[in-house]
Amino acid sequence: MKTFAIVNRKGGVGKTTTAVNLAYVLATGCRLRVLLVDADGQANATQILLPPGEYAGLGALLRGYACCWDELVIPTDVDGLHVLPAAEDLGALDLEAAGGDRSRCYRAVRDMREALEEDGAYDVMVIDCPPNLSAACVAAILASDSVIIPVLSDACSATGVGDLVEQIASLRSLHPALRVAGVLVNQWHRSPVVEVSVAYLREEGMVPVYDTVIRRTDKVPESSWARMAVQQWSPFCSAARDYRAWVAELAAKEGIKYGQA
Ligand SMILES: Nc1ncnc2c1ncn2[C@@H]1O[C@H](COP(=O)(O)OP(=O)(O)O)[C@@H](O)[C@H]1O
Ligand SMILES: [Mg+2]
């Protein structure tokens, strides 16, 4: 099973949009069995992919109330795409999980990953992370082999990537195989500052930057309002096409067969 955590400590950079589009395109375009784990208490990915409702999700797993992944996972309308939802209760976890309990959280998600692999349940797991390095976020990263970092194409985001990569590298003491798969530039548009920032990211060379960038379009916030993936809301808008191109690039780099209907 391939495992990707979508990480950035900044909010509003496109983590959820990227996680949802990656999961959606892998399920529909590649006919893979995909589990999207929502590790953000704001539950945006859950709201996009599942009908409104109360779900016992990742919080139950992290607190040790659920013993098996199949108690928590919910199928979506999209063939092959399942969601392990989040709810607000994730927010309180850091207060509860002081000290030693953090390691219980970390173990819970790793144990789930091992169970998913033993059961051969999914081809890919994608985790949408919160905008901080909370216990849930670190647990998500430690249960993934690869981290994808979406960034906005401005100067602050470009220069902040170095710190984030160092923090992720420091988790290698707990998970030696952890790697940053790449940085994905989101909300790209033609402007001098965007071009300078993207050039800085590419030249600095600390981590690979995907060739494909995701263009800025109002179709994405519209789809967020409609609680739909942009692939469904407006499949031919620039960002929907860019996400498909990016998943093809990622699939080639990660050895995933793309477009196998
Ligand atoms: N390519 C894009 N073009 C325009 N708006 C975007 C794009 N990607 C994301 N957005 C918008 O930016 C906001 C933050 O995106 P989101 O994926 O929720 O970020 P995060 O999960 O990092 O907080 C949302 O309103 C979303 O609709
Ligand atoms: Mg989000």
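The paragraphs below set out a description of the structure included in this document. (Residues numbered from 1 in each chain as written. Chains lettered and ligands numbered in written order. Predicted model: local features only at pLDDT ≥ 70, side-chain atom pairs only at ≥ 80, totals over all residues. Heavy atoms only, no water.)

Before going further, it helps to spend a moment on the packing of helix α7 (residues 155-170) against helix α8 (residues 192-204). Where α7 contacts α8, the two axes come as close as 8 Å, and the packing angle between them is 15 degrees. With respect to α8, the axis of α7 lies roughly parallel. Like other packed secondary-structure pairs, α7 and α8 cross with a definite hand, here right-handed. Residue-level inspection shows Ala155, Ala158, Thr159 and Val161 of α7 in contact with α8, the latter providing Ser197, Tyr200 and Leu201. Here the contact of α7 with α8 is built from residues that sort into five nonpolar, two polar and no charged. (Axes fitted to C-alpha atoms, helices over the stretch in contact; angles between N-to-C directions. Helix = DSSP H or I, 4+ residues; strand = E, 2+ residues; numbered from the N terminus. Parallel < 35°, antiparallel > 145°, perpendicular 65-115°, else oblique. Left-handed = near helix turned anticlockwise from the far one by under 90°. Contact = heavy atoms within 4.5 Å. Nonpolar A, V, L, I, M, F, W, Y, C, P; charged D, E, K, R; others polar.)

As a further point, take the nonpolar core. If you look at the biggest cluster of nonpolar residues, it comprises 58 residues, and the most contacted ones within it are Leu62 and Ile149. The greatest single-element share of this core, amounting to eight residues, is contributed by helix α6 (residues 135-142). When sequence neighbours within four positions are dropped, the list of residues in contact with isoleucine 149 reads Val7, Asn8, Leu164, Val165, Ile168, Val180, Gly182, Val183 and Leu184. In this structure, Tyr24, Ile148, Ala240 and Tyr243 belong to the second largest nonpolar core, which totals 40 residues. (Core = buried A, V, L, I, M, F, W, Y, C linked by side-chain atoms within 4.5 Å. Buried < 20%, exposed > 50% of the residue type's maximum accessible area, 1.4 Å probe, protein only.)

One open sheet accounts for seven strands, arranged β3-β4-β2-β5-β1-β6-β7; its pairing is mixed. At either margin of the open sheet sits one strand with a lone partner, and together these are β3 (74-75) and β7 (179-186). When strand β1 (residues 2-6) meets strand β5 (residues 124-128), the two strands line up parallel, connected through five bridges. If you follow phenylalanine 4 over to β5, its bridge partner there is valine 126. Together, β1, β2 (34-38), β4 (81-84), β5, β6 (146-152) and β7 form the strand contacts of helix α1 (residues 15-29), whose direction differs from that of β5 by roughly 165 degrees. (Pairing = 2+ DSSP bridges.)

Attention now moves to the site of ligand 1. Among the 16 residues in the neighbourhood of ligand 1, the closest are listed as Gly12, Lys15, Thr16, Thr17 and Ser224. Interatomic distance of 3.1 Å between a backbone N/O atom of valine 13 and an oxygen atom of ligand 1. Lysine 15 places a polar side-chain atom, nitrogen or oxygen, 2.8 Å from an oxygen atom of ligand 1. Across the complex, the protein chains shield 82% of the 560 Å² of accessible surface that ligand 1 would expose by itself. Residue classes in the shell around ligand 1 are distributed as four nonpolar, nine polar and three charged. (Near = heavy atom within 4 Å. Polar contact = N/O pair within 3.5 Å; in protein donor to acceptor, adjacent residues only side chain to side chain. Areas by Shrake-Rupley, 256 points an atom, 1.4 Å probe, with all protein chains shown as cover.)

All right, on to unusual backbone geometry then. Although it is not a glycine, alanine 43 adopts a positive phi angle of roughly 60 degrees. Mapping alanine 43 onto the fold places it in the loop between β2 and α2 (44-49). Look at alanine 43 and you get buried, because its relative accessible area is 7%. One non-glycine residue, arginine 227, lies in positive phi territory at about 55 degrees. Relative to the assigned elements, arginine 227 resides in the loop between α9 (219-225) and α10 (230-233).

In this structure the tally under the stated criterion is nine salt bridges. One salt bridge in this structure joins aspartate 145 and arginine 113, with 3.0 Å as the shortest N-O distance. In this pair, aspartate 145 sits in the loop between α6 and β6 while arginine 113 sits in helix α5 (residues 101-119), placing the two residues 32 residues apart along the sequence. Residues lysine 219 and glutamate 222 are paired through a salt bridge, measuring 3.9 Å at the closest nitrogen-oxygen approach. Here lysine 219 pairs with glutamate 222, and both are found in helix α9, just three residues apart, close to one helical turn. Judged by relative accessible area, which is 33%, lysine 219 ranks as partly exposed. Owing to a relative accessible area of 33%, glutamate 222 belongs among the partly exposed residues under this scheme. (Salt bridge = Lys/Arg side-chain N within 4 Å of Asp/Glu carboxyl O.)

Any functional reading would require information that these geometric values do not contain.
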